[in-house]
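# A look at the structure
One-letter residues, chain by chain:
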Amino acid sequence: MISGDTIVAAATPLGFSGVAVIRVSGPLAFKIAREITHQNKTNDRVATLRTLFNLVGEKLDRGILTCFASPASYTGEDTLEVSSHGNPTIIDNIISTVCSLGARLAEPGEFTYRAFINGKMDLVQAEGVASLIRSKTLEGVREQQKIIEGQLSAEINKIRKTLIDLVSTLEYQMDISEEDLNVGVQISAQKVLKGLQKKALEMSKTFRMGKMLNLGVTVVITGPPNVGKSSLLNSLCGDNKAIVSPLPGTTRDVISAELILEGVPLVFFDTAGIRKTKNRVEKEGVSRALIQKKQADIIISVSDNPLEERDPVGDQLCVFVLNKADLHTEPAPKTVIHISCKNKTGIKELLLEIKNKLQIHPISSDASLLSTPRQQLSIKLCAEHLDRADELFTETGVELELLSLELRGGVEALDVLLGKTTPDDIINNIFNSLCVGK
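Let us look at the structure shown here. (Residues numbered from 1 in each chain as written. Predicted model: local features only at pLDDT ≥ 70, side-chain atom pairs only at ≥ 80, totals over all residues. Heavy atoms only, no water.)

### Looking at the packing of helix α12 (residues 373–393) against helix α13 (residues 400–418)
A pair of packed helices is characterised by two quantities: the angle between their axes and the separation of those axes. Axis separation between α12 and α13 bottoms out at 8 Å; the angle between their running directions is 170 degrees. Accordingly, the angle class assigned to the pair α12 and α13 is roughly antiparallel. Here Arg-374, Gln-375, Ser-378, Ile-379, Leu-381, Cys-382, His-385, Leu-386, Arg-388, Ala-389, Leu-392 and Phe-393 of α12 lie close against α13, whose contacting residues are Leu-402, Leu-403, Glu-406, Leu-407, Gly-409, Gly-410, Ala-413, Leu-414, Val-416 and Leu-417. By residue class, the composition of the contact of α12 with α13 is 14 nonpolar, five polar and three charged. (Axes fitted to C-alpha atoms, helices over the stretch in contact; angles between N-to-C directions. Helix = DSSP H or I, 4+ residues; strand = E, 2+ residues; numbered from the N terminus. Parallel < 35°, antiparallel > 145°, perpendicular 65-115°, else oblique. Contact = heavy atoms within 4.5 Å. Nonpolar A, V, L, I, M, F, W, Y, C, P; charged D, E, K, R; others polar.)

See below:
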């Protein structure tokens, strides 16, 4: 990405619509506004109805122009937003005219990248923008809005400031004294460190819920052939997504359906019945089912035999389900959810068990949630440095240099999280995940 020139892109999706928004950012933005409207004046932060022209004076459209002078704009640069009719031909002609006047097409995420470079947001907030665009639930939208507004960044910066103050105190002690820490300073430093460890741990624990809201949950329905896996998928999503047949091996490929549970997007996958087979197509379906099963966040293991042995699934979360319960009189283990897809019974109990297994809970409005693996990894790395620093306090004759080194490592982990010291490849990967007009 190149900063300093002028960029343009449609900020609304491609296709026909009542209104489309075209965004221009950079030093030529206001000059371009004057050129395409044949007006000598631009009004800052005032929506103005204007006729839009191409370079030879032909009318392109009538639209609303709004100018945002630097630094009070999304990118921190002079920015122009054009609201035109949402006809792709009109949009293409406006963008072509803007490019002819000195702008270039923006790369994915470049507007947000410029906002980051110009100090309008940090890397955590930029990730919030990307996640907000992809959010599928109101709860997910609210969480990302809190992140964009800086709530999570404020919590991280509070830990960072306290950590820097602690490092400063200890290094000051090294400068003025050649002896070990005096008892008073050591007790005070340990207390502060314990508090930081607690905050880092609490923040790290928010990742489970934040990840589910941001990325959703993969639920794989698995089991032998003809036990009602496809019927269960249809019952869960309330639609005939999967073909149901009394013939074993009907499902050959992976079929998915989505359901929102307490604000968390769940994607259910119906897989081929797992059994040994010589049929090449069914064999491929079984192979895909096993791969999908390994990648699942939680597994629904379906059976229609109440006496069947149920194998453990290692570390993966699993809910055991007995289908066709209306046909059985034999008692099944209490750990098994009894359902009847035919009679539509037991589905609420199954969803409740899934909710409990995933630990889905009401979201507090007080704290923000970590929502990306990168965020969780940085907090985890910071916590590891704090743990090692705490261990140094328990040893005889604390080495202040080592203690300071670990605490500085914690600060650096938070700097990477906020984007203060982050490798270019990580930064580019984050912004490339955004759409072109953002």
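Having put the structure on the table, let's press on.
### Quick notes on the side chain of Ser-404
Locating Ser-404 in the fold gives a position in helix α13. Judged by its relative accessible area of 5%, Ser-404 falls in the buried class. (Buried < 20%, exposed > 50% of the residue type's maximum accessible area, 1.4 Å probe, protein only.)

### What about the pattern of salt bridges?
On inspection of all chains with the given rule, the structure shows 16 salt bridges. Arg-114 is the partner of Glu-110 in a salt bridge, and the nearest nitrogen-oxygen pair spans 3.5 Å. With a gap of four residues between them, Glu-110 and Arg-114 both fall in helix α3 (residues 110–117), about one helical turn apart. On the accessibility criterion, Glu-110 (0% relative accessible area) is buried. Classification of Arg-114 as buried rests on a relative accessible area of 0%. Salt-bridge contacts for Asp-415 lead to Arg-160; the nearest nitrogen and oxygen are separated by 2.5 Å. Here Asp-415 is found in helix α13, whereas its partner Arg-160 is found in helix α6 (residues 151–176), with 255 residues between them in sequence. (Salt bridge = Lys/Arg side-chain N within 4 Å of Asp/Glu carboxyl O.)

### As for the sheet that holds strand β6 (residues 104–105)
Spatially, six strands are ordered β3-β4-β5-β2-β1-β6 in an open sheet, and the strand pairing comes out mixed. Edge positions in the sheet fall to β3 (48–53) and β6, since each has one partner strand and no second. As defined by bridge partners, strand β4 (residues 59–68) adjoins strand β5 (residues 79–86) across five bridges and the pair is classed as antiparallel. What sits directly across from Cys-67, in β5, is Leu-80. Along the sheet, helix α1 (residues 29–37) makes contact with β2 (17–25), β3, β4 and β5, crossing β3 at roughly 75 degrees. Running at roughly 150 degrees to β5, helix α2 (residues 88–100) makes contact with β1 (7–10), β2, β3, β4, β5 and β6 of the sheet. (Pairing = 2+ DSSP bridges.)

### What to know about the sheet that holds strand β9 (residues 264–270)
Strand order in this open sheet of six strands is β8-β9-β7-β10-β11-β12, and the pairing throughout is mixed. Strands with a single pairing partner mark the edges of an open sheet, and in this sheet they are β8 (255–261) and β12 (336–338). Between one strand and the next, the sheet's axes are offset by a mean angle of 25 degrees, whatever the strand orientation. Bridge analysis of strand β7 (residues 217–222) against strand β10 (residues 298–303) gives four bridges, and the strand direction is parallel.

### Notes on the environment of Lys-293
Inspection of the secondary structure puts Lys-293 in helix α10 (residues 280–294). Residue classification places Lys-293 among the partly exposed positions, given a relative accessible area of 23%. Residues contacting Lys-293, with those up to four places away along its chain left out, are Val-220, Thr-222, Ile-299 and Gln-316.

### What to know about the packing of aromatic side chains
As enumerated under the stated definition, the model contains zero aromatic pairs in all. For Arg-23, the ring lying beneath its charged end belongs to Tyr-74, and the centroid distance is 5.1 Å. Positioned above the aromatic ring of Phe-111, the side-chain terminus of Arg-23 is 5.4 Å from the ring centre. (Phe/Tyr/Trp six-rings, centres within 6.5 Å; stacked < 30°, edge-to-face > 60°. Lys NZ or Arg CZ within 6 Å of the ring centre and 35° of its normal.)

### Concerning the packing of helix α9 (residues 229–237) against helix α11 (residues 347–358)
The contact between α9 and α11 brings their axes to 11 Å, and the two run at 85 degrees. It follows that α9 is roughly perpendicular to α11 by the angle criterion. Where α9 approaches α11, its residues Leu-232, Ser-235 and Leu-236 are matched on the opposing element by Ile-347, Leu-350 and Leu-351. Here the contact of α9 with α11 is built from residues that sort into five nonpolar, one polar and no charged.

### Some points on empty space enclosed by the protein
This structure, assessed with the given rule, holds one cavity of 30 Å³ or more. Reported here for the largest cavity is a volume of approximately 100 Å³. Around the largest cavity sit Ala-33, Thr-37, Gln-39, Lys-41, Thr-42, Asn-43, Val-46, Thr-48, Arg-50, Leu-65, Thr-66 and Cys-67, which together line it. Where the lining of the largest cavity is concerned, the elements lending two or more residues are α1, β3 and β4. Of the residues forming the lining of the largest cavity, the biggest block, three residues, is contributed by β4. (1 Å grid on protein atoms, 1.4 Å probe; cavity = no way out; pocket = protein on both sides within 12 Å on 5 of 7 lines; lining within 4 Å. Points joined across faces, edges and corners; volume = space filled by probe spheres on them.)

### Remarks on the side chain of Ser-230
Positionally, Ser-230 belongs in helix α9. Only 2.6 Å separates the side chain of Ser-230 from the side chain of Asp-270, close enough to count as a polar contact. (Polar contact = N/O pair within 3.5 Å; in protein donor to acceptor, adjacent residues only side chain to side chain.)

### Structural notes on helix α4 (residues 123–134)
Here α4 spans 17 Å end to end across twelve residues, near enough to the 16 Å set by a 1.5 Å rise per residue. When you tally the buried positions in α4, you get nine out of twelve residues, the bulk of the element. Of all the residues in α4, the buried ones are Leu-123, Val-124, Gln-125, Ala-126, Glu-127, Gly-128, Val-129, Ala-130 and Ser-131. The N-cap of α4, judged by a side-chain oxygen 3.0 Å from the amide nitrogen of Val-124 a few residues on, is Asp-122. (Expected span 1.5 Å × (residues − 1).)

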